[in-house]
Amino acid sequence: MILKALYNYYERKLSIEQIDPIGFITKEIDFVIVIDSDGNFIDLENHQIPKGKKLRGTPFRVPAIGKQAQKHDNSGNDANLLWDKAEFVLGVGKSGKNKIDSFKRVINEYYPNPPEDIKAILKFYENELKKEYPFKAVLENREIGELTKKGTPIFTFRINGKINLVVNETHVVEAIKNKKNNDKKLGVCLITGETNVQIENTHNVIKGISGSQTSGANLVSFNKPSFLSYYKKQSENAPVSKMAAEAYTKGLQSLVDSDYNKIRVADSTIVFWSEKKSEEIDPEEIFPWVIAMQKTDGDNPDRGIEKIEKLFESIFTGKYSQAKTNHFYVLGLSPNAARISVRFWKAPSVEDFGLNIKKHFDDFDIVHGPKEPKYLSLYQILSATALQYKMENVPPNLAGAVIESIIDGTPYPTSLLQQCIIRIRAEQKVNHTRAAILKAYLNRFNKIHKQNEKEITMSLDPNNTNVAYRIGRLFAILEIIQEKSALPQKINTTIRDRFYGAASSSPITVFPRLLSLKNSHIKKLKEGEKIYFEKLIGEILSEVKSFPTNLSLNEQANFAIGYYHQRQDFFTKKSDKEETELINN
């Protein structure tokens, strides 16, 4: 399913010429060796251009005859066709002769009957290798000689008097096609279903996966006997045609290289794409906002919010005609030595995706301050559970598990609740994001496991009789009384700083003492305020027969939400009538 979806994505991009065709790859060429038809050296063209503070080669479409287009092995026998690093083209460095032989051998394999320009390249090597100092004109070049001797610049050829590089001539396409047709390893392709097609032995590597080898890693790989079966070798265990293997790897590489279809969250690289391009609402534009609230429009910082709300509207009004038939793919990848591990794979319809995104934002909707965001991104959610709010401190697998819950509309992972409670107790702070996490977790958990449990509302719910929620409210009221009793001065340490951990886990151990302290604090308030707070405390405790000995994690979450709701309600701007009642009742 994954490979098929990537293959289809490649086909879609190819149809609009946004990706290289089979057998080719875009590569940065640093220098071009210009020769005449007899193979004599004419000139050396420098194609490096400034990019930031560095010089980079000019992108050209070049043949990709195997995974060496992305990564060479250590044999020195895997040269590319008509282009490569200086160590293969000019024999620079260790095993130089062997690498030049490999470069020439590849040309001969693909061109048993070479055209004139290929003959000129072969003649160039014949001429140079007869000399006492081969390739001297290039290696001793004043401008690039020292750089070339490092072996890393990429070279190719052009025939003097012609505009195109040799690698861009039409005969190169035919040579690659003819060589693939001569491959005798035939089978059934698991992606396309075609029979009697050439089976790829080793698939191309993918570069750019966060944490993987810089030289690239494989999504599909069989390199040990324990992975093999029925005496089949390497990728014959999961046969994919050469064409399909190159297509799906090109599709995946283009997603990994993209600035728009890739997001990194913690240790995962996440790529996403639509089955069909939509002209109405594009989930490819919406998903980055769900994860990171990325701002791509400097003139309109609310653009992402508008896109999300437009998606909701279009699905519910039936304007989005492709919502049921179009699919949205999300692939989470993580490094595993020389391989790429699939962390998660989701393929919902766009309609289900939209509905579950709305459900996610509804679950996280909770009362908050006027300057706080309307929608919380995944980055904000995860960082709120991490030490110092740093994404690198997010536990492994948590990001992937939360994304799966968002896309599937399933309960959030218990680890999200645990991490949130840990940070609240460590910092004695229940902020907007953490309260939203707890509300979302409990409501989804209760819908499955405790269907008779009252749903937690967005704001303060005076009718919620949950004991943990009630004593969380009580703790907030006791803290507010302490704060108001100290006015006009500001106290440095409140009961939250000293007692939150114990109050939220073992209420019986601290609340009798806190209620006693309340009596000394409330004496300092105005008469109307005394009556108001005593009445409010009485209403809260009316449903609390006794303080619990201890609270479970879910009960601690209810405690935190009750605390947050009560404080938000108290400090929310009231109408003039409500303010009068607050003081005079």
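The rules behind each value
- Residues numbered from 1 in each chain as written.
- Predicted model: local features only at pLDDT ≥ 70, side-chain atom pairs only at ≥ 80, totals over all residues.
- Heavy atoms only, no water.
- Helix = DSSP H or I, 4+ residues; strand = E, 2+ residues; numbered from the N terminus.
- Rg over C-alpha atoms; globule rule 2.2 N^0.38 Å.
- Buried < 20%, exposed > 50% of the residue type's maximum accessible area, 1.4 Å probe, protein only.
- Contact = heavy atoms within 4.5 Å.
- Lys, Arg positive; Asp, Glu negative; His and termini not counted.
- Charge placed at Lys NZ, Arg CZ, Asp CG, Glu CD.
- Polar contact = N/O pair within 3.5 Å; in protein donor to acceptor, adjacent residues only side chain to side chain.
- Pairing = 2+ DSSP bridges.
- Axes fitted to C-alpha atoms, helices over the stretch in contact; angles between N-to-C directions.
- Parallel < 35°, antiparallel > 145°, perpendicular 65-115°, else oblique.
- Nonpolar A, V, L, I, M, F, W, Y, C, P; charged D, E, K, R; others polar.
- 1 Å grid on protein atoms, 1.4 Å probe; cavity = no way out; pocket = protein on both sides within 12 Å on 5 of 7 lines; lining within 4 Å.
- Points joined across faces, edges and corners; volume = space filled by probe spheres on them.
- Expected span 1.5 Å × (residues − 1).
- Core = buried A, V, L, I, M, F, W, Y, C linked by side-chain atoms within 4.5 Å.
- pLDDT = per-residue confidence, 0-100.
- Phe/Tyr/Trp six-rings, centres within 6.5 Å; stacked < 30°, edge-to-face > 60°.
- Arc of directions from axis to C-beta.

Novice: With reference to specific residues and values, describe the overall build of the chain.
Specialist: Along its length, the chain carries 21 helices and 14 strands. Relative to a compact globule of 585 residues, whose C-alpha radius of gyration would be 25 Å, the chain shows 33 Å and is clearly more extended. Seen along its three principal axes, the alpha-carbon backbone of the chain occupies a region of about 105 × 55 × 50 Å. Taking all 585 residues of the chain together, 51% fall into the buried category. In the chain, the proportion of contacts linking residues at least 24 apart, taken out of those at least 6 apart, comes to 68%. Side-chain charges in the chain split into 83 positive and 72 negative, and the spacing between the mean points of these groups amounts to 5 Å.

Novice: Outline the side chain of Thr269, supporting the account with residue identities and numerical values.
Specialist: For Thr269, the position within the fold is in strand β12 (residues 268-274). Engagement of the side chain of Thr269 in a polar contact is seen with the backbone nitrogen of Ser210, the distance being 3.0 Å.

Novice: Now, about the sheet that holds β12: what can you tell me, with residues and values included?
Specialist: Strand order in the open sheet formed by four strands is β11-β12-β13-β14, and the pairing between neighbours is antiparallel. Edge positions in the sheet fall to β11 (262-265) and β14 (339-346), since each has one partner strand and no second. When strand polarity is set aside, the average angle formed by the axes of neighbouring strands in this sheet is 25°. As paired strands, β11 and β12 are joined by four bridges and run antiparallel to one another. When the bridges of β12 are listed, Val265 appears paired with Ser268. Where helix α9 (residues 283-292) meets the sheet, its contacts fall on β11, β12 and β13 (328-336), and the angle it forms with β12 comes to roughly 150°.

Novice: Go over the environment of Met243, please, and point to the residues and values.
Specialist: Considering the arrangement of structural elements, one finds Met243 in helix α8 (residues 242-257). When the C-alpha positions of Met243 and Pro462 are compared, they lie 65 Å apart, and in sequence the two are 219 residues distant.

Novice: I'd love a proper account of the packing of helix α1 (residues 2-15) against α8, names of residues and values included.
Specialist: Put simply, α1 and α8 touch, their axes get as near as 8 Å, and they point 80° apart. Between α1 and α8, the angle is such that the two are roughly perpendicular. Here α1 contributes Leu3, Leu6, Tyr7, Tyr9 and Tyr10 to the contact with α8, which in turn contributes Ala244, Ala247, Tyr248, Lys250, Gly251, Leu252, Ser254 and Leu255. Classifying every residue of the contact of α1 with α8 gives ten nonpolar, two polar and one charged.

Novice: Give me the lowdown on empty space enclosed by the protein, citing residues and values where you can.
Specialist: With the rule as written, the count across this model stands at three cavities of 30 Å³ or more. Surrounding the largest cavity, Ala5, Asn8, Tyr9, Trp273, Ser274, Glu275 and Tyr329 form its lining. At the level of secondary structure, the elements contributing two or more residues to the lining of the largest cavity comprise α1 and β12. When residues in the lining of the largest cavity are grouped by element, the largest group, three residues, is from α1.

Novice: Give a detailed account of helix α15 (residues 432-449), specifying residues and quantitative values.
Specialist: Given a rise of 1.5 Å per residue, 18 residues ought to cover 26 Å, and the 26 Å separating the end C-alpha atoms of α15 matches this to within 8%. Among the 18 residues of α15, 15 are classified as buried, and the element is accordingly described as predominantly covered. The N-cap residue of α15 is Asn431: its side-chain oxygen and the backbone nitrogen of Thr433 are 3.3 Å apart.

Novice: Give a description of the layout of surface pockets that names residues and reports values.
Specialist: Empty space within the largest pocket amounts to approximately 1200 Å³. Lining the largest pocket we find 47 residues, and of these Ile25, Thr26, Lys27, Ala69 and Gln70 sit closest to its centre. Mapped by element, the contributors of at least two residues to the lining of the largest pocket are β1 (24-29), β5 (54-56), β7 (83-85), α3 (96-110) and α8. Per-element accounting of the lining of the largest pocket gives the leading share, six residues, to α8. Computed from the structure, the second largest pocket encloses a volume of approximately 720 Å³. At the level of secondary structure, the elements contributing two or more residues to the lining of the second largest pocket comprise α3, α7 (170-181) and α8. With five residues, α3 is the largest single contributor of residues to the lining of the second largest pocket. Grouping the amino acids of the lining of the second largest pocket by side-chain chemistry returns seven nonpolar, eleven polar and 13 charged.

Novice: Tell me about the nonpolar core, residues and numbers included.
Specialist: Phe287, Leu438, Phe475 and Phe511 are the most contacted members of the largest nonpolar core, which has 83 residues in total. At ten residues, helix α16 (residues 467-485) tops the list of elements feeding residues into this core. For Phe475, the residues in contact, after removing those within four places along its chain, are Ile495, Arg496, Phe499, Tyr500, Ala503, Phe511, Leu514, Phe559 and Tyr563. Core analysis: the second largest hydrophobic core is formed by 47 residues, Ile35, Trp83, Leu90 and Ile100 among them.

Novice: Describe in detail the pairing of strand β3 (residues 41-46), supporting the description with residues and values.
Specialist: In terms of strand pairing, strand β2 (residues 31-35) meets β3 through five bridges, oriented antiparallel. Paired with Ile35 across the strands is Phe41, a residue of β3. Hairpin geometry of β2 and β3 is characterised by an intervening segment of five residues between the two adjacent antiparallel strands and by a positive phi of about 85° at Gly39.

Novice: Describe the confidence of the model for the chain, with residues and values.
Specialist: For the chain, per-residue confidence averages 88 on the pLDDT scale, and 91% of positions sit at 70 or higher. Low pLDDT, under 50, characterises residues 295-299; the predicted model gives this stretch five contacts beyond four residues in sequence or across chains.

Novice: Can you break down the packing of aromatic side chains residue by residue, with the values?
Specialist: Considering all chains together, one arrives at 30 aromatic pairs under this definition. Relative to Phe445, the ring of Tyr441 has its centre 5.9 Å away and its plane inclined at 15°; by these criteria the two rings are stacked. Within this pair, Tyr441 and its partner Phe445 are both found in helix α15, separated by four residues, close to a single helical turn. Judged by relative accessible area, Tyr441 falls into the buried class, the value being 4%.

Novice: Describe helix α19 (residues 527-541), listing the residues and the values that go with them.
Specialist: Given 3.6 residues per helical turn, the α-helix brings residues three or four places apart onto the same face. Between its first and last C-alpha atoms α19 spans 21 Å; for 15 residues at 1.5 Å apiece the expected length is 21 Å, and the two agree. If you check which residues of α19 are buried, you get Gly528, Glu529, Phe533, Leu536, Ile537 and Ile540. Each buried residue of α19 sits inside an arc of 160° when the element is viewed along its axis, so together they form one side. More than 90 degrees from the buried face of α19, the exposed residues found are Glu527 and Lys535.

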